[in-house]
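If you want the building blocks of each chain, they are given just below.
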Amino acid sequence: MKFEYIDRNNWKREEYFRHYKENIPCTYSISAKLDISNIKNRNEKIYPAMLYAISTIVNRYDEFRTSLDEDGRVGVFDEMMPCYTVFNKETEMFSNIWTEYRKDYSEFKRLYIEDVENYGNFTSMNAKPGTPINTFPVSMIPWISFEGFNLNLQKGYDYLLPIFTMGKYCIEDGKYIMPISVQVHHAVCDGFHVSRFINELQEFINKFEWI
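Here the structure is a predicted model, which means the values were calculated and not measured. (Residues numbered from 1 in each chain as written. Predicted model: local features only at pLDDT ≥ 70, side-chain atom pairs only at ≥ 80, totals over all residues. Heavy atoms only, no water.)

(A) Quick look at the environment of Asn 152. Tracing the sequence through the fold places Asn 152 in the loop between β7 (135–141) and β8 (163–167). The exposure class assigned to Asn 152 is exposed, which follows from its relative accessible area of 71%. Separated by 49 residues in the primary sequence, Asn 152 and Leu 201 have C-alpha atoms spaced 25 Å apart. A polar contact of 3.0 Å, which involves the side chain of Asn 152, links it to the side chain of Asn 150. (Helix = DSSP H or I, 4+ residues; strand = E, 2+ residues; numbered from the N terminus. Buried < 20%, exposed > 50% of the residue type's maximum accessible area, 1.4 Å probe, protein only. Polar contact = N/O pair within 3.5 Å; in protein donor to acceptor, adjacent residues only side chain to side chain.)

So, in C-alpha cells, the structure goes:
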C-alpha cells in the first residue's frame, strides 16, 4: 500500500478543497437504485459480488481514494479494500470485517468466504484485527429498501473517504432492484464523480465476464 501526498500548490482541486474542507465544510450523500439482476440470475451471493464491484470502481478513481494522514496532510492511496459489516443474529449487532481486494473475483470471493468463516461469529465490533488504513466502509441493511440514506458524523468533516450503504432488494418489472447510498466529502468529490461512479458500477454489474 502506498499513500502519495498531493502537491497542493499545483493541485487543480485546491480551490474546491479549501472551500469545502475549510471555509464551508460539506459532506453529502446520494442514493440510487441498482439493477442487480445479473448477480441474482446467476445465483451469485449479493454481498461479496457487490463488495467486489464497488471496490473495483473505487480503485479506478482518485476521488474515492483520497484521504488525510494523521497530521492532516492530503494524499491518495494507490489501492483500497472494503471494510464491511456482518450481522450477528444472536446479539442483533454487527461486526466489522475487512477483506483484501483482488482483481480476480474468484480470488476475492475466496478471501471473503475465509474472512466470514473465521470472523463472522465474533461478537466484538471489530472482529478481524489489524484493519488497514486503506479501507473504506460498506454496510448492508437487508431488512428494508430505502429511497434515501444519510449518515450524520460528528467528525465527518475530517473524513474524506466514501461510505457505502446498501439496502433490501425488491422486484420491479421483473428486475432485481437494490438501493445504494454513497456518502462523500465535497472537498474531494463532486456530484459528477458520484454520478459517474454509480453509472459505471451499474455497467460493471451488467457484465457477466467477471462472475
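(B) Quick peek at the pattern of salt bridges. Summed over all chains, the structure comprises 16 salt bridges. Among the salt bridges present, the one from Glu 172 reaches Lys 33, with a minimum N-O distance of 3.5 Å. With a gap of 139 residues between them, Glu 172 in strand β9 (residues 170–172) and Lys 33 in strand β2 (residues 27–35) connect regions that are remote in the sequence. Here Arg 102 and Glu 100 are joined by a salt bridge, their closest N and O atoms 2.9 Å apart. The exposure class of Arg 102 is partly exposed, given its relative accessible area of 30%. When salt bridges that share partners are traced, they join Arg 8, Glu 14, Arg 18 and Glu 22 into one network. (Salt bridge = Lys/Arg side-chain N within 4 Å of Asp/Glu carboxyl O.)

(C) Seen up close, helix α5 (residues 191–206). Under the 1.5 Å per step criterion, the end-to-end length of α5 is 23 Å for 16 residues, consistent within 8% with the ideal 22 Å. All buried positions along α5 are accounted for by His 193, Val 194, Phe 197, Ile 198, Glu 200, Leu 201, Gln 202, Phe 204 and Ile 205. For α5, the secondary structure elements touched by its buried residues are β2, α2 (37–41), α3 (46–58), β8 and β10 (175–185). (Expected span 1.5 Å × (residues − 1). Contact = heavy atoms within 4.5 Å.)

(D) Structural context of the UniProt feature "active site" (unreviewed entry) in the chain. Per the UniProt entry, the sites bearing "active site" (unreviewed entry) are His 186 in this numbering. Topologically, His 186 is positioned in the loop between β10 and α5. Here His 186 is in contact with Arg 13, Tyr 20, Cys 26, Thr 27 and Tyr 28, once residues within four sequence places are set aside. (UniProt positions renumbered as here; feature names shortened; annotations may be inferred.)

(E) Fine view of the sheet that holds strand β3 (residues 66–68). Strand order in this open sheet of 3 strands is β1-β4-β3, and the pairing throughout is antiparallel. Edge strands, defined here as strands with exactly one partner in the open sheet, are β1 (3–5) and β3. Strand-to-strand twist in this sheet, taken as the mean axis angle between neighbours without regard to direction, amounts to 40 degrees. Across 3 bridges, the pairing between β3 and strand β4 (residues 74–77) is antiparallel. Each residue of the ladder has a partner; that of Thr 66, found in β4, is Val 76. (Pairing = 2+ DSSP bridges. Axes fitted to C-alpha atoms, helices over the stretch in contact; angles between N-to-C directions.)

(F) Expanded view of the nonpolar core. If you look at the biggest cluster of nonpolar residues, it comprises 55 residues, and the most contacted ones within it are Met 50, Ile 54, Phe 164, Met 166, Phe 197 and Leu 201. No other element matches the 10 residues that α3 contributes to this core. Apart from the residues within four sequence positions on either side, Phe 197 is in contact with Ile 54, Ile 57, Val 58, Phe 64 and Phe 164. (Core = buried A, V, L, I, M, F, W, Y, C linked by side-chain atoms within 4.5 Å.)

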